[in-house]
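The lines below spell out each chain.
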Amino acid sequence: MASLITVQNVSKSYWRDKIEIPVLNNISINVEQGEFLALMGPSGSGKTTLLNLIAGIDKPSNGNIIVNGTDISSLGESALAKWRANNVGFIFQFYNLIPVLSAFENVELPLLLTKLSKAQRKKQVETALTLVGLGDRMHHSPKQLSGGQEQRVAIARAIVTDPVLLVADEPTGDLDRHSAEEILTLMERLNKEFQKTIIMVTHDPHAAERAKLVKHLEKGDLVGA
Amino acid sequence: MKILKLIFANALRHKLRTFLTVLGIAIAVIAFGVLRTVVTVWDSSVDAAAANRLITRQAVSFIFPLPYAYKEKILNVDGVKNVSFANWFGGVYKDKNNFFARLCVDAETIFDVMQEFLITPEELANFKKERNACVIGQDIATQYNIKVGDQMVLEGDIFPGRWEFVVRGIYKPKNKNTDDTQMLFHWTYVDERMKVESPTRAGNVGWYIVLINDANKAAEISEGIDAIFKNSSAETKTETEKAFTQGFVSASGAIITAMNFMSFVIIGIIMLVLANTMIMAARERTREYAVLKTLGFSAFHLVGLILGESLVIALIGGGVGITLTYPIVAGFEQAMPKGFFPFFFIEPITTIIAMSAAILIGILASIFPIQRALKTNIVDGFRFVG
Ligand SMILES: Nc1ncnc2c1ncn2[C@@H]1O[C@H](COP(=O)(O)OP(=O)(O)O)[C@@H](O)[C@H]1O
Ligand SMILES: [Mg+2]
């Protein structure tokens, strides 16, 4: 199968008060189209940083990242923003919904940047929310939903533009066992039925079991297989 | 228009904070409006003075009288078109808190020189005909519910005794800043009684009102008039009505300057209040801005969100303030002694300045939060803990 993502000799350091903090050391990794990859590792090992680089919300200090044929490490800020809107769906640990908007409106947000008509947007939002099992909660506000339901709204927001890649940073980290299972089942389904390529950061072995492939990060290096 | 909805939803997120900010802006706008109104009312009494009118008064002070006999002499000066005169009567109408000017005037000429007092020819004729007739300004007529034919009784102080007048005319103001709170009656009526009761005070007028042909010659004509009475027992000082009025009000000029200054200080203070609210709001939403950027929203969208919210709060505050300024200025006018300010109105320019200031404040208050939201990159935005 073809590589959807190619990470070539990527290093990343942060600078704080003129002190260099190395986070990733010369990492190379390929992720195939249709993969469900779990990135594991201790806290502070650089999982989130690697995920952010692949998803185009941060830039590597060295090396190249090619996603779906685009060298995203060479894109400027606004080109990168467009690229993200078209190619990546984001799922966060703390859902990150806009609290003053309803479930429907939160899911609609990414579509506001497209040329879709109001009716088309409505149809797509309803499809996404129904897919995550919230067809009957569309006009609830985040406050009226449980954590598991909020995360499902976030997943609907991530898939509503039909991106090739889904990135999830500890998507079950803030959920109880039962809700976590539901979320993982949903992600498995998105991977199998809808052929979404998924990269999931987690430090929960139960969660990692659901992935097809598990990689470990330790102090900025990929270890084992 | 989802963005607009988000702007409003954001503005209402902390209802109490937004309410207090709106209230603060509204109060500031009201204070601004009231202060500006006092200032403009003050200025317009100077503006109302006609450029082609001179006032001739006693050289030492206008509290000293001038002889009636000067009238003919002034009339003979080159460039003088007409001469009238007036004298301050004072007195009390019903209650000593009822302030309005009560003047003994030359019935024959007063409406010829005071052309901004509009009176019908019939009423003027009736006024001239009757010794104890008087004419009142429209505002007095409404305020005290007086009609033509009614009696008005004054209790004299400068001119002691009981004075009865019959209203024979009501004049209308020609301009918005024309004083329509004067009561005018025959100088001769008062003077005749003085001849009997206090002969030394008879034959005196307070000041002459001189209508000239050419406003540009005001200086020469003034000199000409004063030259006639040089070395007489009552020397005169002639100046334009504008200069005269200015001298009258300039004693309070320092207060007015302070009020003027304060009205703009208030705007500065309220800008800080709104800026503070916006900075807090934008700080709390750091993570949400990071989410929006992640989803592909641009700097342009974030500017719209923050600036929009700031403007919404500023405009609501400004709108509420301006709306309330009208009844409050009206109440303020009521609370002042009656007739203390002859004309009290909110100039359109005051409303425009207040609203423009609200918009400007809205823009300025959003600059700092916008700058912060734009320069915080996504990764730092997510790592930010309030
Ligand atoms: N924006 C940043 N600025 C400074 N240091 C950062 C930043 N992001 C991450 N780091 C540091 O990089 C290291 C790895 O962070 P992260 O990728 O979040 O680890 P993980 O997700 O595996 O817990 C940590 O030591 C963290 O403090
Ligand atoms: Mg992490």
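Only a predicted model underlies this, so the values are computations on that prediction, with no experimental measurement involved. (Residues numbered from 1 in each chain as written. Chains lettered and ligands numbered in written order. Predicted model: local features only at pLDDT ≥ 70, side-chain atom pairs only at ≥ 80, totals over all residues. Heavy atoms only, no water.)

## Comments concerning the pairing of strand 11 (residues 207–212) of chain B
Residues and elements named next belong to chain B. Short version of the rule: Categorising residues by exposure relies on relative accessible area from a 1.4 Å probe, with only protein chains included: less than 20% of the type maximum marks a residue as buried, more than 50% marks it as exposed, and the intermediate range marks it as partly exposed. Numbering of helices and strands runs from the N terminus; a helix is a DSSP stretch of H or I covering at least four residues, while a strand is a stretch of E covering at least two. Here, any two strands with at least 2 DSSP bridges between them count as paired.
Within strand 11, 6 of the 6 residues are buried, which leaves the element mostly enclosed by the surrounding structure. Of the two faces of strand 11, the one carrying Trp207, Ile209 and Leu211 and the one carrying Tyr208, Val210 and Ile212 are both buried. Across 6 bridges, the pairing between strand 3 (residues 80–88) and strand 11 is antiparallel. Residue pairing for strand 11: Phe85 is matched across the bridge by Tyr208.

## Some details on the site of ligand 1
Operational definition: Here a residue is considered near a molecule or strand provided that any single heavy atom belonging to it is located within 4 Å of it. Two N or O atoms count as a polar contact when they lie within 3.5 Å, although within protein this holds only if one can serve as hydrogen donor and the other as acceptor, and sequence-adjacent residues are included solely when both atoms are side-chain atoms. Each accessible area value is a Shrake-Rupley result obtained with a 1.4 Å probe; residue values ignore everything except the protein chains displayed when judging cover. All residues other than Ala, Val, Leu, Ile, Met, Phe, Trp, Tyr, Cys, Pro, Asp, Glu, Lys and Arg, Gly among them, are scored as polar; the first ten of these are nonpolar and the last four charged.
The environment of ligand 1 is made up of 14 residues, and the closest members are Gly44(A), Lys47(A), Thr48(A), Thr49(A) and Arg383(B). Around ligand 1, the nearby residues trace back to chains A and B. The side chain of Thr49(A) places a nitrogen or oxygen atom 2.5 Å from an oxygen atom of ligand 1. Here Asp380(B) contributes a side-chain N or O atom positioned 3.3 Å from a nitrogen atom of ligand 1. Contact with the protein chains hides 79% of the accessible area of ligand 1, taken as 560 Å² for the molecule alone. Secondary-structure elements contributing two or more residues to the shell around ligand 1 are strand 1 (3–16) and helix 1 (47–54) of chain A together with helix 14 (378–383) of chain B. Residues of the shell around ligand 1, tallied by class, amount to 4 nonpolar, 6 polar and 4 charged.

## Overview of the packing of aromatic side chains
Note on aromatic pairs: each is described by the distance of the centres and the angle between the planes. Residues and elements named next belong to chain B. Basically, it comes down to this: The aromatic pairing rule takes the rings of Phe, Tyr and Trp, using the six-membered ring of Trp, and pairs them if the centres are within 6.5 Å, calling planes under 30 degrees apart stacked, those over 60 edge-to-face and the rest tilted.
As enumerated under the stated definition, the model contains 20 aromatic pairs over all chains in all. An angle of 15° between the planes, with centres 4.8 Å apart, marks the rings of Tyr68 and Trp187 as stacked. One end of the pair, Tyr68, is in the loop between strand 2 (66–67) and helix 3 (70–75); the other, Trp187, is in helix 7 (residues 187–197), and 119 residues separate them in sequence. What makes Trp187 buried here is its relative accessible area of 6%.

## Considering the interface of chain B and chain A
The condition is simple: When checking whether two residues touch, look at their non-hydrogen atoms; a contact exists if any pair is within 4.5 Å. Simply put, the buried area is the total loss of 1.4 Å probe accessible area from both parts when two parts are fitted together. Any Lys or Arg side-chain nitrogen located within 4 Å of an Asp or Glu carboxyl oxygen qualifies as a salt bridge.
In this complex, chain B contributes 20 residues to the contact, which on the side of chain A involves 24 residues. The three residues of chain B that bury the most area against chain A are Lys2(B), Leu295(B) and Val379(B), which together make up 29% of that side's buried surface. Seen at the junction of chain B and chain A, the total is 2 salt bridges. For Lys5(B), the salt bridge identified is with Glu105(A), shortest N-O distance 2.4 Å. For the pair chain B and chain A, the interface holds 5 residue pairs in polar contact (both at pLDDT 80 or more). Looking at the side of chain B that touches chain A, the elements with two or more residues in it are helix 1 (2–11), helix 11 (286–294) and helix 14 of chain B. By residue number, the principal contributor to the side of chain B that touches chain A is helix 11 of chain B, which donates 6 residues. When grouped by side-chain class, the residues that make up the side of chain B that touches chain A number 9 nonpolar, 4 polar and 7 charged.

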